[in-house]
Amino acid sequence: MSDNLVSVKNLSVNFGQNGDEVNAVKNVSFDIPKGKTLALVGESGSGKSVSALSIMRLLPYPKASHPSGEIMYQGQDLIQLNEGEMRTLRGNRIGIIFQEPMTSLNPLHTVEKQIGEVLLLHKANTANQVRERIIELLDLVGIPDPVNRLKSYPHELSGGQRQRVMIAMALANDPELLIADEPTTALDVTIQEQILLLLQELQQKLGMAILLITHDLNIVRRYAHDVCVMYQGELVESSDCQALFAAPKHDYTRALLAAEPSGDPAPLPAHLDTLISTDKLKIWFPIKQGFFKRTVDHVKAVNEISIEVKQGETLGIVGESGSGKTTLGLALLRLLGSEGGIHFDGINISKMNQKQVKPLRRRMQVVFQDPFGSLSPRMSVSECIAEGLAVHNIGLASERDQMIIDVMNEVGLDPDTRHRYPHEFSGGQRQRICIARALVLKPELIILDEPTSALDRTVQKQIVELLRNLQTKYNLSYIFISHDLAVVKALSHKLLVMQHGDVMESGDAKAIFSNPQNEYTRTLLDAAFRA
């Protein structure tokens with residue numbers, strides 16, 4: 001009997017038809033041993049997810065085809081199975097955790113309904129049995145108060161909680177193989193560690209094999225048994241984890257291992273003017289219950305926080321999902337209501353209405369976490385970048401095209417591609433487009449909300465260097481919200497550590513990274529930088 005649960009042999013995947021085809025995966029072979037974790041690593045577009053989705057047969061057929069190869073599972077070639085036969089395997093014997101839980105979960109269905117659907121489809125369960133199993137699964141993946149979360153919708157959960165719901169769905173029927181496609185991409189380091197330890201425990205308990213797809217080599221080093229490195233659709237190196245990290249053979253593997261964000265932010269002059277500050281900023285969301293929806297309590301998303309960011313300075317904000325990082329950022333931009341003072345360049349903007357704030361919006365911009373979600377798929381890149389120019393009536397129509405060309409050059413994009421659409425660009429390029437859209441207005445403050453979370457390390461390093469160069473050139477102030485402490489360390493002058501809406505620790509970033517005073521901060525740093 002073979003020790004391999006799945007054997008992929010000479011797999012090729014083409015996209016397109018009628019001679020106009022792209023060879024996305026080229027003769028890839030690998031084995032997934034029973035009860036072990038195989039990691040597929042490589043940059044965006046290397047063919048990792050396409051290879052994994054081929055196992056589940058979730059590629060968009062007939063646009064996707066397999067000119068060669070086989071995927072053997074329990075004596076069956078999955079490529080040869082019909083849709084009905086595959087349906088009995090998906091979500092039952094083979095589970096999958098998708099990369100982006102917000103788009104993978106149905107926004108119109110509750111947590112209970114979505115997990116229950118997986119159980120009802122494959123098992124003859126009663127309604128009570130299903131409900132009990134859902135509560136058990138939510139408790140297993142660490143969702144607090146699972147009974148009261150059953151009726152929650154995806155938008156009512158934090159990023160970490162949504163990812164846990166996805167894991168609960170994938171594990172509902174105790175699969176033999178779990179495909180985890182970037183399962184911790186949008187999660188902070190402590191939640192990452194909890195989820196990966198959870199998967200490790202479940203693997204040992206259930207004897208489950210895991211195919212882990214990730215760009216985070218620290219995760220691979222700590223949790224994978226074997227590693228396959230992919231580049232431009234080809235498998236360039238395959239080894240057990242320890243040997244690969246100790247002595248990588250391929251030039252591309254060595255480049256990946258060397259791509260950790262590093263260095264320090266540019267030093268600041270001694271005397272700087274304050275650009276934005278808050279005075280006991282408070283954002284509490286009411287919890288309403290009963291027929292009359294009376295307020296019975298509050299979610300203290302941001303609890304009397306005071307910050308100060310000077311011109312040309314970067315404030316890094318870190319903390320777990322649900323700690324209030326993004327809520328604080330949105331409040332500073334006056335995109336959420338709040339109590340307490342917000343002062344921008346000496347102006348108290350906390351009491352201004354939206355019409356009064358509008359002229360200031362040119363001076364404070366935001367780059368969101370998901371570049372694909374924040375760019376309209378129906379607008380060309382040129383139109384996306386020019387939108388702010390039109391809103392603020394900057395330049396004549398004939399002049400705006402040159403502004404777009406200039407700013408695309410500034411962020412390292414080819415201006416000749418400006419008439420293409422967002423889906424025609426990679427994740428790193430889309431993030432550069434979002435930075436260009438903010439930069440074209442020549443702001444003084446840019447709030448960056450997890451701008452590198454969905455990017456692989458080589459692209460992250462490029463974006464960090466780009467942000468550093470832009471800050472030095474234009475004296476920009478950044479508020480950098482992230483769960484990736486390596487990136488925060490490379491960019492931030494000051495650090496704010498948040499938990500449950502409160503400040504745990506704040507001050508000079510270098511001092512906190514070298515000698516954290518708070519136990520929670522120490523936990524974060526330990527999870528992020530443990531070898």
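In short, a report on the structure. (Residues numbered from 1 in each chain as written. Predicted model: local features only at pLDDT ≥ 70, side-chain atom pairs only at ≥ 80, totals over all residues. Heavy atoms only, no water.)

This part covers the overall build of the chain. Secondary structure assignment for the chain yields 20 helices and 22 strands. Since a compact globule built from 531 residues should have a radius of gyration of about 24 Å, the 24 Å found for the chain is in line with a globular shape. Counting across all 531 residues of the chain, residues that qualify as buried make up 52%. Restricting the contact set of the chain to residue pairs at least 6 apart, pairs at least 24 apart contribute 69%. Carbon and sulfur atoms provide 49% of the accessible area of the chain, an area that totals close to 24,100 Å². (Helix = DSSP H or I, 4+ residues; strand = E, 2+ residues; numbered from the N terminus. Rg over C-alpha atoms; globule rule 2.2 N^0.38 Å. Buried < 20%, exposed > 50% of the residue type's maximum accessible area, 1.4 Å probe, protein only. Contact = heavy atoms within 4.5 Å. Areas by Shrake-Rupley, 256 points an atom, 1.4 Å probe, with all protein chains shown as cover.)

Right, let's get into empty space enclosed by the protein. In this structure the tally under the stated criterion is five cavities of 30 Å³ or more. Looking at the largest cavity, its volume works out to about 280 Å³. Forming the walls of the largest cavity are 26 residues, and the residues nearest its centre are V189, Q192, D216, I219 and R457. Among the residues making up the lining of the largest cavity, the classes are represented as nine nonpolar, 10 polar and seven charged. Lining the second largest cavity we find T37, L196, L199, Q200, Q203, I210, L212 and Y223. Of all the secondary structure elements, the ones that give two or more residues to the lining of the second largest cavity are α8 (189-206) and β9 (209-213). Examining the composition of the lining of the second largest cavity, we find that four residues originate from one element, α8, more than from any other. Across the lining of the second largest cavity, the residue classes tally to five nonpolar, three polar and no charged. (1 Å grid on protein atoms, 1.4 Å probe; cavity = no way out; pocket = protein on both sides within 12 Å on 5 of 7 lines; lining within 4 Å. Points joined across faces, edges and corners; volume = space filled by probe spheres on them. Nonpolar A, V, L, I, M, F, W, Y, C, P; charged D, E, K, R; others polar.)

Turning our eyes to something else, we now look at the pattern of salt bridges. Using the criterion set out here, one finds 15 salt bridges in the structure. Salt-bridge contacts for D251 lead to R254; the nearest nitrogen and oxygen are separated by 2.3 Å. With D251 and R254 both in helix α11 (residues 251-257) and three residues apart, this pair spans about one turn of that helix. Residue class for D251 comes out exposed when judged on its relative accessible area of 56%. According to the relative accessible area criterion, R254 is partly exposed, its value standing at 37%. Each of the salt bridges in this network shares a partner with another, and the network as a whole consists of E112, R131 and K151. (Salt bridge = Lys/Arg side-chain N within 4 Å of Asp/Glu carboxyl O.)

Grouped together as the largest cluster of nonpolar side chains are 51 residues, with contacts concentrated most on I385, I435, L467, L485 and L495. Leaving out residues up to four positions away in the same chain, L467 has contacts with I435, L448, Y478, F480 and L491. By size, the runner-up hydrophobic cluster in this structure holds 35 residues, among which are V141, L150, A180 and L212. (Core = buried A, V, L, I, M, F, W, Y, C linked by side-chain atoms within 4.5 Å.)

On the basis of which strands lie adjacent, the open sheet formed by six strands has the order β18-β19-β20-β15-β21-β22 and mixed pairing. Looking at the sheet topology across the chains shown, the edges are occupied by β18 (364-367) and β22 (502-508). Looking at each pair of strands side by side, their axes are set apart by 15° on average, direction ignored. Bridge analysis of strand β15 (residues 314-319) against strand β20 (residues 477-481) gives four bridges, and the strand direction is parallel. Each bridged residue has a counterpart across the sheet, and for L315 the counterpart in β20 is I479. The sheet strands contacting helix α16 (residues 427-439) are β18 and β19 (445-449), and the helix crosses β18 at an angle near 170°. (Pairing = 2+ DSSP bridges. Axes fitted to C-alpha atoms, helices over the stretch in contact; angles between N-to-C directions.)

Alternating positions in β18 separate into two faces, M364 and V366 on one and Q365 and V367 on the other, with burial throughout. Bridge count between β18 and β19: four bridges; the pairing is parallel. Directly across from V366, in β19, lies its bridge partner I447.

Here the focus is unusual backbone geometry. Here the phi dihedral of D174 falls at roughly 50°; this positive angle occurs in a residue that is not glycine. For D174, the position within the fold is in the loop between α7 (159-171) and β8 (177-181). Classification of D174 as partly exposed rests on a relative accessible area of 37%. A positive phi angle, close to 50°, is found at Q232, a residue other than glycine. By the secondary structure assignment, Q232 is in the loop between β10 (226-231) and β11 (234-240).

Put simply, helix α4 (residues 111-122) and α7 touch, their axes get as near as 8 Å, and they point 25° apart. Taken together, α4 and α7 sit at an angle that is classed as roughly parallel. In the packing of α4 onto α7, the handedness of the crossing is right-handed. Every residue of α7 that contacts α4 at V111, Q114, I115 and V118 is listed here: V165, A168 and M169. In terms of residue class, the contact of α4 with α7 is made up of six nonpolar, one polar and no charged. (Parallel < 35°, antiparallel > 145°, perpendicular 65-115°, else oblique. Left-handed = near helix turned anticlockwise from the far one by under 90°.)

Nothing here speaks to function; it is geometry throughout.
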